[in-house]
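Structure at a glance
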Amino acid sequence: MKYVLVTGGVVSGLGKGVTASSIGILLKACGLRVTSIKIDPYLNTDAGTMSPFEHGEVFVLDDGGEVDLDLGNYERFLDIKLTRDNNITTGKIYQSVIDKERKGDYLGKTVQVVPHITDAIQEWIECVAMVPVDGKEGPADVCVIELGGTIGDIESMPFIEALGQFSYRVGPGNFCLIHVSLVPVLNVVGEQKTKPTQHSVRQLRGLGLTPNILACRSTKALDENVKAKLSQFCHVPEENIVTLYDVPNIWHIPLLLRDQNAHEAILKELNLLGVARKPSLEEWTARTKICDMLHDPVKIAMVGKYTGLSDSYLSVIKALLHASVACHRKLTIEWVAAGDLEDATAKEAPGVYEAAWDLLKGADGVLVPGGFGDRGVQGKILAAKYARENKVPFLGICLGMQIAVIEFARSVLGLSDANSTEFDPETSNPCVIFMPEGSKTHMGGTMRLGSRRTNLTVTDCKSAKLYGNASFVDERHRHRYEVNPDMVSQLENAGLSFVGRDETGRRMEIVELPSHPYFIGVQFHPEFKSRPGKPSALFLGLIAAACGQLELVLKYGHASKLLTNGFSNGKPMVKIHQNGSIVKSSNGSLNGVYSNGNGVHY
């Protein structure tokens, strides 16, 4: 087994996760099988109980693991299925060591950070690296490990020590360290400054790890004299110093690394030059070019409570982007804070209230993502009501589905106090109830988590057609509450259709409004399985409906067919020369995330 370790220095948030993912896709393009591990130095055993404001979204895996959002990057880029053990935290390591100590496994020895914690870290890495994640038999060729945090953080010291020992154990030719660092430019001088990276590398070396490759984050490509200076002071060959400068979207990063021959440097360190082939990234390159040249917009109103931090909805954003690229449209997300749509805001801040409603009414489609707690729920209900009454394409995910059912019960059935028992335990019309196997006292890992099967019980519906007329789908869940099965017949008699249910038939998984152009709610989280080349079916349906392409998508029956045909409103959106190059449109900018028209800066 070969190992690539990605560390970060100077400041956090440099993009180690995207860098590690891009290294993985580059090695995969060279014909190697790749797996990934993320190390998070916090004491939580998983990310499940952390606020999205503090840590970004909680990414859910097939096995129900609630993990760091970087594992989502790994899965999307590499098209693999990871397990909860691919996310190592300090809490998991200490818990495993303490459990062993309580059982007497250490035979009376004094249990210490070195060697017991450091040994446990190394054993965990070696064990998880051998688990296949790409659906094939046997272990992968290379394991890409990302160490979270910044070099020098006190909480990551046991991992640094363990990885130093680990690099010595596996030996030269089996371990490659890539250090991601910052090369800032001072506006006053306009010069790229190398001192922060010098200090970071010096600190890393002092802790027992020597970088083989430097990945320097900067606004533009490094000057040659800057590379020479870094090489001299950091003891890294110039050809092993690459620049990760700002790009229109993160799909460029594997191409940046390839163009700077980063794969050759990595393969050389791992003694794989004679085994691997030249990287084959034609499909990735074509998709990236298409993404850059899109100019016909599609506006989606994202109505949520964590709109102050886009990372809170990272997988939803990526799923929307994958679908918009498939439909050859430039995505614009209009962030609408759910609370701003409520009557209380109209009284307290009428300007904010009007601006929020203007954004909602100006959108081509409405998406209400998952969430917890009652803050902003009334605003989400109002958004669902607006979309339903005005025939605006709507997708509700998890809580988004539940509020759509509540709104329908209130508005159509006339049940004014219809609610979820999460928000009103005493409601006389509980549309949404607590699940019997959940826990109200313990928060970590007690929800309905991971991949569960949904049977599509109604064949003639939009969801079934979008899923390629499948009889069932396996999607990932993360919820404690669900639609009350005792109210289903009443809701269906009024016009709602529960087209997807679990294997018992008692749990409602997909709801549609047949009389609406596109009004779908799902209890699961389809965003977690969306991929750049394989957009989530229901997100594709939302984007297609929002830009007038739904009939075309339903006709083809599956997302991949739309991608291969590349049609928009029945007409090709791009011209491709015989040599494979793409004719760029007059406006090739991408708004992949933000509503202000800026590109996604890596």
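In this report, the structure presented in the accompanying data block is examined. Small disclaimer: the values here were computed from a predicted structure and weren't measured.

1. Regarding the overall build of the chain
For the chain, the helix and strand inventory stands at 21 helices and 23 strands. Taking 602 residues into account, the globule formula puts the C-alpha radius of gyration at 25 Å, and the chain, at 25 Å, falls close to it. Taken along its principal axes, the extent of the C-alpha atoms in the chain is 75 × 70 × 50 Å. Looking at the chain alone, contacts between residues at least 24 apart form 72% of all its contacts between residues at least 6 apart. When the accessible surface of the chain is split by element, carbon and sulfur atoms take 50% of a total near 24,100 Å². Positive and negative side-chain charges of the chain, numbering 62 and 67 respectively, have mean locations separated by a distance of 5 Å.

2. Remarks on a nonpolar patch on the surface
A cluster of nonpolar side chains, L186, V188 and V189, forms an exposed patch at the surface whose accessible area comes to about 320 Å². Counting through the fold element by element, V189 comes out in the loop between β7 (175–182) and α7 (195–206).

3. Looking at helix α11 (residues 282–293)
Every α-helix winds through 3.6 residues per turn, so residues three or four apart in the chain are directed the same way. With twelve residues, α11 extends 17 Å between its outermost C-alpha atoms, agreeing within 8% with the 16 Å of an ideal straight helix rising 1.5 Å per residue. Of all the residues in α11, the buried ones are W284, T285, R287, T288, I290, C291, D292 and M293. The secondary structure elements touched by the buried residues of α11 are α1 (16–29), α3 (70–78), α9 (253–259) and α12 (314–326).

4. Remarks on the sheet that holds strand β17 (residues 472–479)
Taken in spatial order, the nine strands make up an open sheet running β11-β10-β12-β13-β21-β20-β19-β16-β17, and their pairing is mixed. Pairing within the sheet leaves two strands with one partner each, and these edge strands are β11 (330–337) and β17. Neighbouring strand axes in the sheet, compared pairwise and without regard to direction, differ in orientation by 25° on average. Sheet topology places strand β12 (residues 365–368) next to strand β13 (residues 394–397); three bridges connect them, and they run parallel. Its bridge partner being in β13, L367 is matched across the sheet by L395. The strands touched by α12 are β10 (297–304), β11 and β12; relative to β11, the strand with the most contacts, the crossing angle is about 150°. This element, helix α14 (residues 350–361), spans β10, β11 and β12 of the sheet and lies at about 145° to β11.

5. Here's the deal with empty space enclosed by the protein
Following the criterion strictly, the structure yields four cavities of 30 Å³ or more and no others. Every residue along the wall of the largest cavity is listed here: N73, R76, F77, N249, I250, W251, K318, L321, H322 and P532. Contributions of two or more residues to the lining of the largest cavity are made by α3 and α12. When the residues that make up the lining of the largest cavity are grouped by side-chain class, the tally is five nonpolar, three polar and two charged.

6. Re the layout of surface pockets
The calculated volume of the second largest pocket comes to roughly 650 Å³. Residue lining of the second largest pocket: 32 residues in total, with Y306, G371, F372, M447 and R478 positioned closest to the centre. Contributing elements (two or more residues each) for the lining of the second largest pocket: α16 (399–411) and β17. Grouping the amino acids of the lining of the second largest pocket by side-chain chemistry returns 15 nonpolar, eleven polar and six charged.

7. Description of helix α10 (residues 262–269)
Every buried residue of α10 is listed here: A262, H263, A265, I266 and L267. Looking at the packing, one finds that the buried side of α10 touches β1 (2–8), α1, β7, β8 (213–218), β9 (241–245) and α9. Looking one or two residues beyond α10, the residue adopting positive phi is N271, at roughly 55°.

8. Brief notes about the state of the cysteines
Counting across every chain of the model gives zero disulfides. In this structure C127 is a free cysteine whose sulfur lies 11 Å from that of C143, the closest cysteine sulfur available. Taking the relative accessible area as the measure of exposure, C127 reaches 54% and is therefore exposed. C234 supplies the cysteine sulfur nearest to C216, a cysteine that is in no disulfide, at a spacing of 7.7 Å.

Scoring rules and cut-offs
- Residue numbering note: each chain is counted from 1, following its sequence as written.
- Reporting in this predicted model follows two pLDDT cut-offs: at least 70 for local features of residues, and 80 or more for side-chain atom pairs to be given and counted; totals over whole chains, interfaces and linings ignore these cut-offs and use all residues.
- Values reported for side chains reflect all heavy atoms of the structure, with hydrogen atoms and water molecules removed beforehand.
- Secondary structure follows DSSP: runs of H or I at least 4 residues long count as helices, runs of E at least 2 residues long count as strands, and numbering of each begins at the N terminus.
- C-alpha atoms define the radius of gyration, and 2.2 Å times the number of residues to the power 0.38 defines the globule rule.
- Residues count as neighbours in contact if any of their non-hydrogen atoms are within 4.5 Å of one another.
- Residue exposure ignores everything except the shown protein chains as possible cover, and the areas themselves are Shrake-Rupley values with a 1.4 Å probe.
- Counted charges follow a simple rule, with Lys and Arg positive, Asp and Glu negative, and His plus the chain ends left uncounted.
- Working definition for charges: the position is that of NZ of Lys, CZ of Arg, CG of Asp or CD of Glu.
- Residues enter a patch when their relative accessible area is above 30% and they make no salt bridge; the linking distance is 9 Å between like charges and 5 Å between nonpolar side chains (Val, Leu, Ile, Met, Phe, Trp, Tyr).
- Salt bridge, as used here, is a side-chain nitrogen of Lys or Arg placed within 4 Å of a carboxyl oxygen of Asp or Glu.
- Take the residue count of a helix, subtract one, and multiply by 1.5 Å to get its expected span.
- Accessibility here uses a 1.4 Å probe with only protein chains present; expressed as a share of the type maximum, an area under 20% marks a residue as buried, one over 50% as exposed, and anything in between as partly exposed.
- Only strands joined by at least two bridges in the DSSP assignment are considered to pair.
- Only C-alpha atoms enter the line fits that serve as axes; for helices the fit covers just the stretch in contact. Angles between N-to-C directions range over 0 to 180 degrees.
- Lining residues are those with an atom within 4 Å of a point, where the points come from a 1 Å grid over the protein atoms alone and group into cavities, where a 1.4 Å probe fits but cannot get out, or pockets, open sets with protein on both sides within 12 Å along at least five of seven lines.
- Grid points are joined across faces, edges and corners, and a volume is the space filled by probe spheres set on the points.
- Gly is put with the polar residues, along with every residue not named as nonpolar or charged; the nonpolar set is Ala, Val, Leu, Ile, Met, Phe, Trp, Tyr, Cys and Pro, and the charged set is Asp, Glu, Lys and Arg.
- Throughout, a disulfide means two cysteine sulfur atoms within 2.5 Å of one another.

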